[in-house]
2 protein chains.
Amino acid sequence: MLVFDEKSCPVTATMKVLGGKWKAILINAIYHTSPARFGELKRSVKGITQSMLTQQLRELEDDGLISRKIYAEIPPKVEYTLTEFGLTLAPIMQSLANWGLAYRMKKQKE
Amino acid sequence: MLVFDEKSCPVTATMKVLGGKWKAILINAIYHTSPARFGELKRSVKGITQSMLTQQLRELEDDGLISRKIYAEIPPKVEYTLTEFGLTLAPIMQSLANWGLAYRMKKQKE
DNA sequence: CTGCATCCTTCGGGATACTG
DNA sequence: CAGTATCCCGAAGGATGCAG
């Protein structure tokens, strides 16, 4: 019989990385803004708090999806970009966006 | 300036439907088992509890992704299948699975 | 076999204030 | 400007028992 668990279902692994309320939208934002500054993200990603933004960015960094460049300036400046590996998410983001649009269309009719 | 919120970012809509701990894996399981019986899913989706399974299936049904067919038999029998709309998730599931594999490969090297 | 109700726990997410 | 440190809450997730 087929079995679906964390080991045999890679879908789960992806969802862990992209899951939660902010990860996907952040990847998307950085992808379209690159390089993205911290304050810039804070302004463009509506509703996210500073602490959440910091936390989520760290987790994405730990997963190797984004890289963080610190400029030793006053005032401080930090830029985020997708890593090469993070860029491999592009097709997924694209299909997620497309499907989201289709889903909305469907909901509207109802 | 670009803005990323729930209205302008369809990715978010998709993640709401596919988010949480079980949705994606359930879609995947039903896709590969169709038609899938309740008990069958309970056995194949490792770690899920009965109540969670029921709840998640209902939500997927409400979103129009799966359909539920009840057989008036003793013992009871219920079958779940992806709806036509649910099937449009197939390419996403595929890319999620592929990326998950790549992610694992990368983690192994580290 | 399938499903609901109840109760409980965990943790993701958030508000606020403070720092270099 | 970018980030940390606390404290807090609600919802997601889970265990268990009962029912058709």
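Up top is the structure.
Nothing here was measured: the structure is a model prediction, and the numbers come from that model.

Undergrad: How should I be thinking about the relation of the copies chain A and chain B in this particular structure?
TA: Between the two copies of this chain, the relationship is a rotation about some axis together with a displacement along it. Overlaying chain A on chain B yields an RMSD of 0.1 Å, the required transformation being a rotation through 180° with an accompanying axial translation of 0.0 Å. As the rotation angle and translation indicate, the two copies are arranged about a two-fold axis. Across chain A, the rotation axis passes nearest the C-alpha of A:Gly19, at a separation of 3.1 Å. Mapped onto chain B, 100% of the interface residues of chain A again fall at the interface, so both copies present the same surface.

Undergrad: Explain the sheet that holds strand β1 (residues 36-37) of chain B to me, please; I cannot follow it from the model alone.
TA: Neighbouring strands of a sheet are bound in pairs by backbone hydrogen bonds; such pairs are parallel or else antiparallel. Residue and element names in this part refer to chain B. With respect to topology, 3 strands assemble into an open sheet ordered β1-β3-β2, the strand pairing being antiparallel. The sheet is open, and its two borders are formed by β1 and β2 (66-71), each paired with just one other strand. Here β2 runs beside strand β3 (residues 77-82); their pairing, made up of 6 bridges, is antiparallel. Among the inter-strand pairings, arginine 68 is bridged to a residue of β3, identified as tyrosine 80. Its contacts with the sheet place helix α2 (residues 23-33) against β1, β2 and β3, and it is angled at close to 100° to β3. In the packing of helix α4 (residues 50-62) onto the sheet, contacts are made with β2 and β3, and the angle to β2 comes to roughly 115°.

The rules behind these values
Residues numbered from 1 in each chain as written. Chains lettered and ligands numbered in written order. Predicted model: local features only at pLDDT ≥ 70, side-chain atom pairs only at ≥ 80, totals over all residues. Heavy atoms only, no water. Least-squares fit on C-alpha atoms with pLDDT ≥ 70 in both. Contact = heavy atoms within 4.5 Å. Pairing = 2+ DSSP bridges. Helix = DSSP H or I, 4+ residues; strand = E, 2+ residues; numbered from the N terminus. Axes fitted to C-alpha atoms, helices over the stretch in contact; angles between N-to-C directions.

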